[in-house]
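# Fold and geometry: a report
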Amino acid sequence: MNTDKRRQLLAAGALGAVLVGAAVLPSPALAEPDDDASVRVTVDIDEIREPGVLALSVAGDAVALSEDGSTLLVRQFVGTLPTVTVTDTRVADEVPDGASWAVLGSATDFAGNSGQAPITADHLGWKPRLLDGGETGLVTEGEEVVTALDEATQPGNNVGLVDQELLVSAFDSEAVANDSYSVNADLYLRTPAEVAAGAYSSTLTLSLFE
């Protein structure tokens with residue numbers, strides 16, 4: 001056998017060995033056409049918390065006074081202030097340090113609807129009454145404010161509702177936060193016996209301060 005033929009045979013044998021060796025290597029796994037896979041995705045979303053507020057509401061926008069308890073010298077007209085509620089939805093750390101709150105009230109003169117002389121606001125008094133002050137003891141009603149026709153029950157309180165008079169207050173806003181409190185008041189209008197007949201009206205404004 002000549003040299004060239006031997007080289008050809010050796011080369012063919014080497015190629016065959018390579019091919020045989022390649023044939024026994026494992027082939028990559030292929031997904032079946034109908035196979036699928038899934039991944040579960042989750043998230044926890046916290047509820048958005050709005051900041052709390054301190055707010056005032058009144059269960060009505062009018063009260064009609066009716067005559068009761070008049071004497072020969074003084075006519076008296078009485079009624080009840082609609083329930084006033086103070087709601088504080090704040091948590092303690094939303095309340096300013098050292099804060100307190102109060103609801104104050106003042107009235108305008110009673111104007112007559114037929115041109116009669118007005119009845120001045122110092123003829124209107126009230127006696128606040130706490131309905132729900134919670135359990136802290138830190139929410140209290142204001143003192144009675146009597147009219148200009150009355151003897152003062154304490155110094156300077158026979159002024160009527162001319163200026164801002166205390167209806168209810170909380171000494172420590174932080175201690176009473178996240179709760180609600182309610183109060184009303186006995187209202188009374190006292191006039192001289194000779195007051196002109198007719199319809200009168202006044203506006204009683206309630207304001208919440210902190």
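## Focus: the overall build of the protein chain
Counting its secondary structure elements, the protein chain contains one helix and eleven strands. Walking the protein chain from its N terminus toward its C terminus, one meets helices and strands in the order α-β-β-β-β-β-β-β-β-β-β-β. Counting the 210 residues in the protein chain, one finds 28% classified as buried. For the protein chain, contacts bridging at least 24 residues in sequence account for 78% of all contacts bridging at least 6. As presented, the protein chain carries roughly 13,800 Å² of accessible surface, and 54% of it is formed by carbon and sulfur atoms.

## As for the packing of aromatic side chains
Taken as a whole, this structure holds one aromatic pair when the rule is applied. Judged by centre distance (6.2 Å) and plane angle (40°), the rings of Trp101 and Tyr181 are tilted. Of this pair, Trp101 sits in strand β4 (residues 101–107) while Tyr181 sits in strand β9 (residues 179–192), placing them 80 residues apart in sequence. On the accessibility criterion, Trp101 (2% relative accessible area) is buried. Residue classification places Tyr181 among the buried residues on the basis of a relative accessible area of 5%. In this structure, Arg190 is placed above the aromatic ring of Tyr188, and the distance from its NZ or CZ to the ring centre is 4.0 Å.

## As for the pairing of β4
Across the seven residues of β4, seven count as buried, placing the element largely inside the fold. Alignment of β4 against strand β8 (residues 165–170), held across five bridges, turns out to be antiparallel. Paired with Val103 across the strands is Val168, a residue of β8. As paired elements, β4 and strand β11 (residues 204–209) share six bridges and run antiparallel to each other. Among the inter-strand pairings, Leu104 is bridged to a residue of β11, identified as Ser207.

## A short note on the confidence of the model for the protein chain
In this model, the protein chain carries an average pLDDT of 88, and 84% of its residues clear a pLDDT of 70 or more. Long-range and interchain partners of residues 9–23, a stretch whose pLDDT sits below 50, account for one contact in this model, where long-range means more than four residues apart.

## Thoughts on the layout of surface pockets
Within this model, the largest pocket holds a volume of roughly 650 Å³. Considering the residues around the largest pocket, the lining is formed by 29 residues, among which Val63, Leu65, Phe110, Tyr200 and Ser202 are closest to the centre. Looking at the lining of the largest pocket, the elements with two or more residues in it are β3 (74–88), β9, β10 (200–201) and β11. Counting residues per element, the lining of the largest pocket draws most heavily on β3, at four residues.

## Looking at the environment of Glu50
With respect to the secondary-structure elements, Glu50 resides in the loop between α1 (3–23) and β1 (54–58). The exposure class assigned to Glu50 is exposed, which follows from its relative accessible area of 59%. As for Glu50 and Thr89, which are separated by 39 residues in sequence, their C-alpha atoms are 9.8 Å apart.

## Focus: the sheet that holds strand β7 (residues 139–141)
Read across the sheet, four strands follow the order β7-β8-β4-β11 without closing on themselves; strand pairing throughout is antiparallel. Both outer strands of the open sheet, β7 and β11, are each paired with one neighbouring strand and no more. Across the sheet, the mean angle from the axis of one strand to that of its neighbour is 15°, orientation sign disregarded.

Rules of the game
- Residues numbered from 1 in each chain as written.
- Predicted model: local features only at pLDDT ≥ 70, side-chain atom pairs only at ≥ 80, totals over all residues.
- Heavy atoms only, no water.
- Helix = DSSP H or I, 4+ residues; strand = E, 2+ residues; numbered from the N terminus.
- Buried < 20%, exposed > 50% of the residue type's maximum accessible area, 1.4 Å probe, protein only.
- Contact = heavy atoms within 4.5 Å.
- Areas by Shrake-Rupley, 256 points an atom, 1.4 Å probe, with all protein chains shown as cover.
- Phe/Tyr/Trp six-rings, centres within 6.5 Å; stacked < 30°, edge-to-face > 60°.
- Lys NZ or Arg CZ within 6 Å of the ring centre and 35° of its normal.
- Pairing = 2+ DSSP bridges.
- pLDDT = per-residue confidence, 0-100.
- 1 Å grid on protein atoms, 1.4 Å probe; cavity = no way out; pocket = protein on both sides within 12 Å on 5 of 7 lines; lining within 4 Å.
- Points joined across faces, edges and corners; volume = space filled by probe spheres on them.
- Axes fitted to C-alpha atoms, helices over the stretch in contact; angles between N-to-C directions.

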